[in-house]
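# Residue-level structural notes
What follows is each chain in one-letter form.
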Amino acid sequence: MDEFKRLYVFMCQERGSEPQESVLSQMKEIRESTKRRQLDLSTQSISQESCQVLGILLQNDVTFTQVLLSDCMISEDGLKAFLQGMQSNSVIKHLDLKGNNLQAKGGEALGKFLRHTASLTSLTLEWNNLGTWENGFSFFCEGLALNQSLQKLDLRNNQINHKGAEELAMALQRNSTLQELDLRWNNIGLLGGRAIQSCFESNKALVKLELSGNNISSDVLKAIELCIKHNQERQFV
């Protein structure tokens, strides 16, 4: 961690920006804790410059397996810069971006990231607004369709409507690695629920799907539950 912190300071200064004291303070706490495999900068307001530097530092870093950036007020340009660097990392398994108000550009950046990452197995995107912007969410879903590493995805509270659910269903038809998906508290509705149900004609990987709070009729929910059960039984066998 000391070397990571030193490089962060050096690279910020090299780019003509001051290293953020809040980030430095959090790095000190991480160093003194036992969670040295976890880069936790949650609730720190991270600037675009810091995002870019952190992304570069994580390109070839083998220290961390988890990166937590929840409630960091990350701008969408900051996220794009961070993910451009991190997409080549080979050891990080979990990324938490909860509560950063990610929208159209964020969806596009995440979609591109999912196309390239080969190590990430868990992605938390709860409390963002990815579903509000159809084009951005479409880019995200296309990345998910092509991804071959992600096993767990949290999309709670993302304003995903029935059109977003249709895009997601098409991605799930092509994705063969995602096992757990949380879609609670969106706006999927009946049409979106039916679209999700249809993806199980070809998807045999998904074994856990949360859909509470989406105004989906009970008959569609039961049909989806049956599909999930079939997948679970198939994997068990």
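Residues numbered from 1 in each chain as written. Predicted model: local features only at pLDDT ≥ 70, side-chain atom pairs only at ≥ 80, totals over all residues. Heavy atoms only, no water.

Named according to an unreviewed UniProt entry, the protein chain is Leucine rich repeat containing 45 originating from Xenopus tropicalis. Under the Subcellular location (unreviewed entry) heading, UniProt states for the protein chain: "Cytoplasm, Cytoskeleton, Microtubule organizing center, Centrosome". (UniProt positions renumbered as here; feature names shortened; annotations may be inferred.)

### Thoughts on the overall build of the protein chain
If you tally the helices and strands in the protein chain, you get nine helices and seven strands. For 237 residues, the compact-globule estimate of 2.2 N^0.38 gives 18 Å, and the C-alpha radius of gyration of the protein chain, at 19 Å, lies within 12% of that figure. For the protein chain, the C-alpha atoms occupy an extent of roughly 60 × 35 × 25 Å along the three principal directions. Expressed as a percentage of its 237 residues, the buried residues of the protein chain come to 51%. Carbon and sulfur atoms make up 47% of the accessible area of the protein chain, which amounts to about 11,400 Å² in all. (Helix = DSSP H or I, 4+ residues; strand = E, 2+ residues; numbered from the N terminus. Rg over C-alpha atoms; globule rule 2.2 N^0.38 Å. Buried < 20%, exposed > 50% of the residue type's maximum accessible area, 1.4 Å probe, protein only. Areas by Shrake-Rupley, 256 points an atom, 1.4 Å probe, with all protein chains shown as cover.)

### What to know about the sheet that holds strand 2 (residues 66-68)
Overall, parallel pairing links the seven strands, which are arranged 1-2-3-4-5-6-7 in an open sheet. The open sheet is flanked by strand 1 (38-40) and strand 7 (208-210), the only strands paired with a single partner. Here the average twist between neighbouring strands, direction ignored, is 0 degrees. (Pairing = 2+ DSSP bridges. Axes fitted to C-alpha atoms, helices over the stretch in contact; angles between N-to-C directions.)

### Concerning the layout of surface pockets
Of the pockets and cavities examined, the largest pocket occupies roughly 180 Å³. Considering the residues around the largest pocket, the lining is formed by Glu76, Asp77, Lys80, Leu83, Gln84, Gln87, Lys105, Glu108, Ala109, Lys112 and Phe113. Of all the secondary structure elements, the ones that give two or more residues to the lining of the largest pocket are helix 4 (76-86) and helix 5 (104-116). Looking at the lining of the largest pocket residue by residue, the class counts come to three nonpolar, two polar and six charged. (1 Å grid on protein atoms, 1.4 Å probe; cavity = no way out; pocket = protein on both sides within 12 Å on 5 of 7 lines; lining within 4 Å. Points joined across faces, edges and corners; volume = space filled by probe spheres on them. Nonpolar A, V, L, I, M, F, W, Y, C, P; charged D, E, K, R; others polar.)

### Observations concerning the side chain of Asp61
Along the chain, Asp61 falls in the loop between helix 3 (48-58) and strand 2. Comment: no salt bridge for buried Asp61; closest opposite-charge side chain is Arg37, at 7.0 Å. Reaching out from Asp61, the side chain makes a polar contact with the backbone nitrogen of Thr63 at a distance of 2.9 Å. (Lys, Arg positive; Asp, Glu negative; His and termini not counted. Salt bridge = Lys/Arg side-chain N within 4 Å of Asp/Glu carboxyl O. Polar contact = N/O pair within 3.5 Å; in protein donor to acceptor, adjacent residues only side chain to side chain.)

### Quick notes on the environment of Glu166
With respect to the helices and strands, Glu166 occurs in helix 7 (residues 162-174). The spatial distance from the C-alpha of Glu166 to the C-alpha of Asn231 is 20 Å, given a sequence separation of 65 residues.

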